[in-house]
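Topology and contacts: notes
Residue-level listing of the chains:
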Amino acid sequence: MSIDILKKNLSERLNLSRRSFLKSAAAGSATLAAGGLVELKTAKEAKAFAYEPYPTDDQLETVVTSCAHNCGSRHMLVAHKWKDVIVRLSTDDGRYQRGGHFGKDSNDEPQLRACLRGRSYRQRLYSAERLLYPMMRVGERGEGKFKRISWDEALDIVANKMVQIKDTYGPTALVDQSYAGASYGVLHKSDQIEGLLGRFLGMFGCRTSSWSVPSYQGTTFSSRMTFGTIEDGNEDDAFAHSKLMIMWGWNPAYTFHGGNTFMYMRMAKQRGCKFVLVDPQYTDSAAAYDAWWIPIRPNTDAAMMAGMAHYIFTNNLQDQGFINKFCQGMDAGTMPEWAKDKENFKDYILGKYDGEPKTPEWASKVCGVPAKDIIKLADMYARTKPAALKASWAPGRNAYGEQYNRMAAALQAMTGNIGNLGGCAEGVGKAWHAEAVAYPYDQYSNIWFQSIKSDRWAHCVLNYPNVKREEIGLWQREDNTDGQIPNIKGIFWQGSDWFNQLTNINKEIEAINKLELVVCMDSTITPSGLYADILLPIATHFERHDVALPWYKGHYYIHRPKVIEPMGESKSDFQVFTELAYRIGGDVFGKAYNPKANRDYFHVDEHVDEAYLREWWEQKVMHHQHVDMSWDEFKQRGVYKFTFDQPHVAFRDQVENGTRFQTPSGKIEILATQLAQITDWKRTMYGYEIPYIPKWVEPWESLNSPKTAKYPFHLVSPHPRWRTHSIFNNCSWLRETYEQEVTINASDAKKLGVKTGDTVEVWNDRGKVVVPAYVTERCMPGVAVLHEGVWIDLDENGVDRAGNPDMLTLDEPSPAGAFAYNTVLCDIQKTDLEHRPGWDKLATSRAHVFRRDL
Ligand SMILES: Nc1nc2c(c(=O)[nH]1)N[C@H]1C(S)=C(S)[C@@H](COP(=O)(O)OP(=O)(O)OC[C@H]3O[C@@H](n4cnc5c(=O)[nH]c(N)nc54)[C@H](O)[C@@H]3O)O[C@H]1N2
Ligand SMILES: Nc1nc2c(c(=O)[nH]1)N[C@H]1C(S)=C(S)[C@@H](COP(=O)(O)OP(=O)(O)OC[C@H]3O[C@@H](n4cnc5c(=O)[nH]c(N)nc54)[C@H](O)[C@@H]3O)O[C@H]1N2
Ligand code: SF4
Ligand SMILES: [Mo]
């Protein structure tokens, strides 16, 4: 369809969309901006310069900023720039904090020192895959054929198509797949709830939202049910006070979790803390702390924990005083009156209800850990105080993963290791509540017309309308649209590379061809982008003004100014949505969406962004969080750090002062009140029954299932040290430090006739990938490890030459919403198929796009 026809269609359709918008906005009269189009400025003059003579440090301007990713942490980056080019990146050295001096690195105010990824950022910023101009697809989806178009054309196409889709298919036709690529800022936010896209589509009146979170939906469910909050985290420094640290599916040396976790764990080690690792692989964290490694079959953790609970109860090692005071449903004595006929946890463990005592011997058969080791660990944990059972998220990223986290919380509670310094109630591990939003998100916030489990969009598209609500985890609605299956016809990706990162990519490929509009907003050409119709170039966090938020832990804010001008024609997400709002709904939509801006915001953003940020700082941070630093001083220093008299420990107040937990009963709910009272599971977003006390539930595939006859390996896909999911995949500096490879045990390798460096194929019914093998004793037999996040690179038969595990994962979520990323059986064999590191095709993609004569 030509642009002119699209424009005409837009003006014709606008009345309708404006009317429906007005209903929710309840605003004054709407006028379409004259012509509906904004005149675009010509591209800025190139600001390149020669590197001769190379500028010395004292000639460079220094700007404090930080990374913005969903990387497990948040650190300071210091950009050293020459004119408009960043020539070097360094990090915190203590001088930027208040009262700080060069080199300051105390326990109270540690430096926020960046990792290798952050320090390599320059290569990502100036990479060949940088998306510099709006593009339109001219080939098949996934083929990678695009042509450059103007912003004016791109925005018109998107605006027109949005209106057309909404008019034709109704308010659920566009699915919001915004995610955490930029959620750790206060203004330019991407995420499922507070994000800019969600608010934009909600106000437009067409949005199916995606409610489950890949990271830890099983874990958040557990924390909410058990503690009534996901803020069950201690601040990092609390780890230094533990006498026993059980790293359960936790590898902070690779997978970052908080700012300075490793430093405080080292401190604990120096003070004599013992370390244990429960994980199918012997990790670098275990090596660093000389941990006792307990290899466990993946997705059987809840069984092992049940075995530990059995030992603790039968040897009367539980902290009964703590249980009686703080727990609901741990045993017969802590059952509430209304639940007297329900099951309690202790009797479940002792086998009263199903005739199966969950003894260490029983557990051993399920999880593969010798009973004597289960007993030894249970004994250590029950007798050492304070002890931290850090139950990380990966074992919960599994079928019935929520049961693992609920079981872990039961152990933490029965040993009285909650609310005390050196103990641990994590779980989610969120350690504070930042003031997280600087734009008027509270107005028209999180409006959606249906909401589904995030990894079920393809299932919904492929089976529409013959889909049962429980298959897609449809969220309950209070109006007459409850139960309506969304008719999805378009996808928006903002701050996500979800085509590459969600489960079962082959199913996504099948589904995407049924869609009429796929928009990818990114600063990089990504695998997802190759499946989009329109690519919109987004300014990175170096090219717009914001404030950085820590990642679950770390009490600080980092100022993130515009360090350089946006590259190419890139714009911030906020600019794009604001301009789209003006195009679709004139001044009414435009102003309501971005009240501090005028229509020229698409070209001039600085004063508007700063106005939001200043207001946020003054009214929220200074007012609510009692910060006495002014906005201007914050801007000048670049960082504000909160300090405390004592380490922050979750639930300290509840345990020391008897404050209520935020659950219905005010107690730690081993028996979850909310779950025990649900009668119609199909009408909940869970769809299927979830036990109201923690239980062992057999997963749909594991090393114990008959399917191992066909697929003998259990694949886990942890997070890579050298990438943030898919981000940095194209960074050659980081690539020098690793290889995307599948790790297998030496005895398995022998059976397969494979040695380190051999190319193997890894496959199951969902798909096939090709990678080199890494053979070691550090991974238990029967298990294969393949890190998530590599950019898919499919051959003509749909085999991924790069080795992305999501070609093999299953899009079957657990009832509580946990993505079952680590519940995967597969087989492995030596192969002649081609392996490619996964970025070579894309590395040339820009040239390949621009040189195309179209
Ligand atoms: N097999 C397997 N798969 C997994 C996992 C696993 O354990 N195993 N883990 C899952 C988990 S926990 C997660 S969180 C997901 C992560 O999945 P994603 O969130 O899709 O992963 P990222 O690679 O971080 O993608 C973020 C994208 O946002 C872009 N971006 C960054 N800043 C901005 C911005 O300001 N605006 C816009 N528009 N874009 C921006 C980046 O360039 C990048 O392409 O992966 C999941 N996938
Ligand atoms: N460097 C880096 N750090 C990151 C990220 C990143 O992409 N890169 N991503 C961030 C994000 S968004 C998230 S969600 C977190 C994820 O944080 P986690 O979920 O804690 O991390 P993972 O790396 O998935 O897994 C940690 C360990 O769990 C083990 N494991 C896997 N399955 C099982 C199981 O069934 N049982 C047991 N006992 N162990 C198992 C793995 O072998 C691995 O050693 O990490 C954050 N930190
Ligand atoms: S851990 Fe994250 S925030 Fe810190 S430097 Fe690395 S990528 Fe940046
Ligand atoms: Mo995540």
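Residues numbered from 1 in each chain as written. Chains lettered and ligands numbered in written order. Predicted model: local features only at pLDDT ≥ 70, side-chain atom pairs only at ≥ 80, totals over all residues. Heavy atoms only, no water.

What follows is about the site of ligand 1. Of all residues adjacent to ligand 1, which total 32 residues, the nearest are Asp497, Asp522, Asp573, Ser726 and Asp806. The separation between an oxygen atom of ligand 1 and a polar side-chain atom of Arg124 is 3.1 Å. Between Asp806 and ligand 1, the recorded distance is 2.7 Å, taken from a side-chain N or O atom to a nitrogen atom. Residue assignment for the shell around ligand 1 shows that the elements contributing at least two residues are α17 (498-501) and β15 (517-522). Partitioning the shell around ligand 1 into residue classes produces nine nonpolar, 15 polar and eight charged. (Near = heavy atom within 4 Å. Polar contact = N/O pair within 3.5 Å; in protein donor to acceptor, adjacent residues only side chain to side chain. Helix = DSSP H or I, 4+ residues; strand = E, 2+ residues; numbered from the N terminus. Nonpolar A, V, L, I, M, F, W, Y, C, P; charged D, E, K, R; others polar.)

What follows is about the sheet that holds strand β23 (residues 759-763). The six strands are arranged β21-β25-β22-β24-β23-β26 in a closed barrel whose pairing can be described as mixed. Neighbouring strand axes in the sheet, compared pairwise and without regard to direction, differ in orientation by 45° on average. Note that strand β21 (residues 713-716) and strand β25 (residues 783-785) share three bridges and pair parallel. Pairing of Val716 across the sheet is with Val785, part of β25. (Pairing = 2+ DSSP bridges. Axes fitted to C-alpha atoms, helices over the stretch in contact; angles between N-to-C directions.)

A few words now on the packing of helix α5 (residues 196-204) against helix α19 (residues 573-593). Two elements in contact, α5 and α19, have axes whose closest approach is 10 Å; the angle formed by their N-to-C orientations is 25°. Comparing their axes, α19 and α5 come out roughly parallel. Every pair of crossing elements has a handedness; the one defined by α5 and α19 is left-handed. Between α5 and α19, the residues in contact are Leu196, Leu197, Arg199, Phe200, Met203 and Phe204 and Asp573, Phe574, Phe577, Leu580, Ala581, Ile584, Phe589, Ala592 and Tyr593, respectively. (Parallel < 35°, antiparallel > 145°, perpendicular 65-115°, else oblique. Left-handed = near helix turned anticlockwise from the far one by under 90°. Contact = heavy atoms within 4.5 Å.)

For the rest of this paragraph, the subject is the sheet that holds strand β1 (residues 61-66). With antiparallel pairing, the three strands of this open sheet are ordered in space as β1-β2-β3. The sheet terminates laterally at β1 and β3 (85-91), the two strands that pair on one side only. The mean inter-strand angle of the sheet, taken between neighbouring strand axes irrespective of direction, is 30°. Pairing geometry for β1 and strand β2 (residues 76-82), over six bridges, is antiparallel. Residue pairing for β2: Ser66 is matched across the bridge by Met76.

Further remarks concern the UniProt feature "domain: 4Fe-4S Mo/W bis-MGD-type" (unreviewed entry) in the chain. UniProt's entry tags residues 60-129 with the feature "domain: 4Fe-4S Mo/W bis-MGD-type" (unreviewed entry), counted in the numbering of this structure. Secondary structure content for residues 60-129 is 13% helix and 29% strand, and the end C-alpha separation is 27 Å. (UniProt positions renumbered as here; feature names shortened; annotations may be inferred.)

Here is a general trend for soluble globular proteins: nonpolar side chains tend to be buried in one another's company. Ranked by internal contacts, the top residues of the largest apolar core, which has 74 residues, are Trp248, Met304, Phe345, Ile668 and Leu675. No other element matches helix α9 (residues 301-314), which puts ten residues into this core. Setting aside residues up to four positions removed in sequence, Met304 forms contacts with Trp248, Val278, Ile294, Ile296, Ala363, Cys367, Val369, Ile374 and Leu377. With 63 residues, the next largest nonpolar core counts Ala511, Ile792, Phe819 and Cys826 among its residues. (Core = buried A, V, L, I, M, F, W, Y, C linked by side-chain atoms within 4.5 Å. Buried < 20%, exposed > 50% of the residue type's maximum accessible area, 1.4 Å probe, protein only.)

Enumeration according to the criterion identifies 49 salt bridges in this entry. The partner of Asp152 in a salt bridge is Arg583, and the shortest N-O contact between them spans 2.9 Å. Residue Asp152 is located in helix α4 (residues 151-169), and its partner Arg583 is located in helix α19; the two are separated by 431 residues in the primary sequence. By relative accessible area, which is 18% here, Asp152 ends up buried. For Arg583, a relative accessible area of 1% puts it in the buried group. Residue Glu656 is joined to Arg652 by a salt bridge in which the shortest nitrogen-to-oxygen separation is 3.6 Å. You can see Glu656 and its partner Arg652 sitting in helix α22 (residues 652-657), four residues apart, about one turn around the helix. (Salt bridge = Lys/Arg side-chain N within 4 Å of Asp/Glu carboxyl O.)

Further remarks concern the environment of Thr663. The residue Thr663 is located in the loop between α22 and β20 (668-669) in this model. Take Thr663: its relative accessible area is 6%, and that puts it in the buried class. A sequence separation of 438 residues divides Thr663 from Met225, and the C-alpha atoms of the two residues are 7.3 Å apart. Setting aside its immediate chain neighbours within four residues, Thr663 contacts Met225, Thr226, Phe227, Gly228 and Glu669.

Our next topic: the state of the cysteines. This structure, assessed with the given rule, holds zero disulfides. Free cysteine Cys273: the closest other cysteine sulfur is in Cys424, separated by 12 Å. As a non-bridged cysteine, Cys367 has Cys779 as the owner of its nearest cysteine sulfur, 16 Å distant. By relative accessible area, Cys367 is classed as buried at 0%. (Disulfide = S-S within 2.5 Å.)

Around ligand 2, the surrounding shell holds 38 residues, and the nearest of these are Thr255, Asp279, Asp301, Ser392 and Arg397. Thr255 is positioned such that a nitrogen or oxygen atom in its side chain is 2.7 Å from an oxygen atom of ligand 2. Between ligand 2 and the protein, one listed contact pairs a nitrogen atom with a side-chain N or O atom of Asp301 at 2.7 Å. Within the complex, the protein chains bury 100% of what would otherwise be the 920 Å² of accessible surface of ligand 2. Looking at the shell around ligand 2, its residues break down into 16 nonpolar, 16 polar and six charged. Both of domain 2 (233-427 + 663-683) and domain 3 (706-847) provide at least three residues apiece to the shell around ligand 2. (Areas by Shrake-Rupley, 256 points an atom, 1.4 Å probe, with all protein chains shown as cover. Domains from an automatic or database assignment.)

Take α5 next. Across the nine residues that make up α5, a large majority, nine, are buried. Within α5, the full set of buried residues consists of Leu196, Leu197, Gly198, Arg199, Phe200, Leu201, Gly202, Met203 and Phe204.

As a further point, take the packing of aromatic side chains. Following the criterion strictly, the structure yields 48 aromatic pairs and no others. Each ring, one from Tyr179 and one from Trp498, has its centre 5.0 Å from the other, and the planes form 40°; the classification is tilted. Here the residue Tyr179 occupies a position in the loop between β6 (174-178) and α5, and Trp498 occupies one in helix α17, the gap between them amounting to 319 residues. Assigned by exposure class, Tyr179 and Trp498 land together as buried. Considering the side-chain rings of Tyr216 and Trp393, the 4.6 Å spacing of their centres and the 65° angle between planes classify their relative orientation as edge-to-face. Pair noted here: Tyr216 is in the loop between β7 (208-210) and α6 (217-227) and Trp393 is in the loop between β12 (387-391) and α14 (401-414), with a separation of 177 residues, a long-range link. This pair shows no difference in class: Tyr216 is buried, exactly as Trp393 is. Within the aromatic cluster, the residues linked to one another by ring pairs are Phe200, Tyr439, Phe574, Phe577, Phe589, Tyr593, Tyr601 and Tyr612. (Phe/Tyr/Trp six-rings, centres within 6.5 Å; stacked < 30°, edge-to-face > 60°.)

It is worth spelling out the side chain of His310 at this point. Position of His310 among the secondary structure elements: in helix α9. Beyond its immediate stretch of four places on either side in the chain, His310 contacts Ile349, Leu350, Pro357, Lys358, Thr359 and Pro360.

Turning to the side chain of Asn745, a few remarks are in order. Mapped onto the secondary structure, Asn745 falls in strand β22 (residues 742-745). In this structure the side chain of Asn745 is engaged in a polar contact, spanning 2.6 Å, whose partner is the side chain of Ser747. Setting aside residues no more than four positions away along its own chain, Asn745 makes contact with Val775, Thr776, Glu777, Cys779, Met780, Pro781 and Val783.

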